[in-house]
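Survey of secondary and tertiary structure
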Amino acid sequence: MRLVRSLGALLLVGSLLAGTTWSFAQTSGALRSPTPAEVDAIYSDIEALYIDLHQHPELAFQEVQTAAKLAARVKALGFDVATGVGRTGVVAVMRNGPGPTVMLRTELDALPVAEKTGLPFASTVTAKNAAGETVPVMHACGHDLHMAAWAGTARLMADHRDRWRGTLVLVGQPAEEGGGGAKAMLNDGLFTRFPRPDFALSFHDDDTMPAGTIGYRPGLFRAMSDSLSIVVYGRGGHAAMPHATVDPVVLASRIVISLQMIVSRENNPVDPIVITVGSIHGGTQGNVIPDEVRLQLSVRTYTPEVRSRTIAAIRRVARAEAEAAAAPREPQVVVTPSSDAPVVNDVQLTLRLADRLKQVLGEPNVVEMPPKMTSEDFAEYGRAGVRSALLHIGAVDPARLKTARETGIPVPAPHSPEWAPDRATTLKAAVRAEVTALLELFRSN
Ligand SMILES: [Zn+2]
Ligand SMILES: [Zn+2]
């Protein structure tokens, strides 16, 4: 032991004298970042996992097989593994001496989307949703890619545990897609039954950046999201006798248009909001005026004040339009919060990770990105008081992105039936970025 140490010291002194540039890894045994070759060496294994997960997607809170696959892998690597956390979640802990506790989270769930990528391993899976309807299932948000990267990161961290000190908590979270998976895990003791993290990280694939590029946004990054349903009531009758009816189709149409006036005329333009009516249903055929029409909305906001003001305005507009149409009843408006916290990336943490990633991946490959109006329940970990950062990974073939920019026709984005990340480049960059970020944080204490 003593001999090895003196030999190390001798080598170090020798190299300094010789003017050799020694990496941190060589001098102290601590890895600063994985080399591309180290990632290449595990690529075929994680690609196989990616293809398997892509072919066998599962809906929110149904991710039993998915969780089992991840759990088996991390167990084999020496992690302490718990399953069934927050219903179908996975928690894998590796205690590796004194140091910070760092959490890396992936999502497990897929979406009710019929895949149209044309990939040889495209999903043909169907499943029953929470309402009992049979729906197609696809990993249309890239959570399969996140899981494969997470598994690759787990392997490199386990294989090279001589290079870091601390406690690594790998989380496979169910039901990110509006299903409350993060809350379910927190309510099931994620931060009490398992080591509470000093830092929480997650990486999400992105349609706006070339494959392999890392995007970061200090501070506010993702919006809050509410689902609203509105039922407007009329008085049905014959299509040829509108004067004897109150036509809820016309009333609903006026509401759809008037809602956009909240965005353009009532809201301060510097406070971003989105009101989208994604679903409108009423009637059975053209010669019958129906009794009612149902609308489903998605509302995105950044602050509680803007949120409550926007929801109050939607209620007011619906009520007032109904009154103007002489509707027999006030509309019914039901608000279901689906993500009631914005993602706020810890500024210092995000900038620290961005700096380190720039050193490893090259300055042009790590870019600051604008905030988005999409939501993410990763926000819950920050709300629970953990310093957290959600980073993005460009996932589009650079040539396709260039064409999209030239033509103005965007490439398919996450949630599209055609979303297909540029697999090898994105996956490798994800592993490299994740391990680099984790090692940077394990270096701290
Ligand atoms: Zn999604
Ligand atoms: Zn997602």
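These notes cover the structure that comes with them. (Residues numbered from 1 in each chain as written. Chains lettered and ligands numbered in written order. Predicted model: local features only at pLDDT ≥ 70, side-chain atom pairs only at ≥ 80, totals over all residues. Heavy atoms only, no water.)

1. Regarding the packing of helix α7 (residues 248-266) against helix α8 (residues 304-324)
Close contact between α7 and α8 brings their axes to 9 Å; oriented N to C, the two are set at 140 degrees. On the basis of their axis angle, the class for α7 and α8 is oblique. As for the relative orientation of α7 and α8, their crossing is right-handed in sense. Judged by residue contacts, L251, R254, I255, S258, L259, I262 and E266 of α7 engage A313, I314, R316, V317, A318, E321, A322 and A324 from α8. Split by residue class, the contact of α7 with α8 holds 10 nonpolar, one polar and four charged. (Axes fitted to C-alpha atoms, helices over the stretch in contact; angles between N-to-C directions. Helix = DSSP H or I, 4+ residues; strand = E, 2+ residues; numbered from the N terminus. Parallel < 35°, antiparallel > 145°, perpendicular 65-115°, else oblique. Left-handed = near helix turned anticlockwise from the far one by under 90°. Contact = heavy atoms within 4.5 Å. Nonpolar A, V, L, I, M, F, W, Y, C, P; charged D, E, K, R; others polar.)

2. A look at the layout of surface pockets
By volume, the largest pocket is sized at about 1400 Å³. Around the largest pocket sit 50 residues that line it, and L111, E177, G178, R300 and H415 are the ones nearest its centre. Elements supplying a minimum of two residues to the lining of the largest pocket: β7 (199-210), β10 (224-233), β12 (274-282), β14 (292-301) and β15 (332-339). The element best represented in the lining of the largest pocket is β7, accounting for five residues. (1 Å grid on protein atoms, 1.4 Å probe; cavity = no way out; pocket = protein on both sides within 12 Å on 5 of 7 lines; lining within 4 Å. Points joined across faces, edges and corners; volume = space filled by probe spheres on them.)

3. Here we look at the pairing of β7
Across the 12 residues of β7, 10 count as buried, placing the element largely inside the fold. Alignment of strand β3 (residues 101-107) against β7, held across four bridges, turns out to be parallel. Its bridge partner lying in β7, R105 is registered against S202. (Buried < 20%, exposed > 50% of the residue type's maximum accessible area, 1.4 Å probe, protein only. Pairing = 2+ DSSP bridges.)

4. Concerning empty space enclosed by the protein
Counted by the stated rule, this structure contains two cavities of 30 Å³ or more. A volume near 40 Å³ is recorded for the largest cavity. If you go around the largest cavity, the residues you meet are L145, H146, A149, F203, H204, D205, I393, A430 and E434. Among the elements of the structure, α5 (143-159), β7 and α12 (423-442) are those that each provide at least two residues to the lining of the largest cavity. For the lining of the largest cavity, the residue count by class is five nonpolar, two polar and two charged.

5. Comments concerning the nonpolar core
Core analysis: the largest hydrophobic core is formed by 58 residues, its most contacted members being F79, L170 and L201. Not counting the four nearest positions on each side in its chain, F79 is found in contact with V74, A92, V93, M94, A154, A158, L168 and L170. Counting residues in each nonpolar core, the second largest holds 24 residues, with V91, V171, V343 and A379 among its members. (Core = buried A, V, L, I, M, F, W, Y, C linked by side-chain atoms within 4.5 Å.)

6. Some words on the coordination of the zinc ion (ligand 2)
Listed as protein donors to the zinc ion (ligand 2) are C141 (SG), H143 (NE2) and H204 (NE2); their distances from the metal cover 2.1 to 2.3 Å. One chain supplies every donor for the zinc ion (ligand 2), spaced along it as C-x1-H-x60-H. The two metals, the zinc ion (ligand 2) and the zinc ion (ligand 1), are separated by 3.1 Å and share C141 as a common coordinating residue. With a gap of 63 residues between them, C141 in the loop between β5 (134-136) and α5 and H204 in strand β7 connect regions that are remote in the sequence. You'll find C141 and H204 in the same group, each marked buried. (Donors = N, O, S within 2.8 Å, 3.2 Å for Na, K, Ca; no water.)

Taken by themselves, the reported measurements are silent on function.
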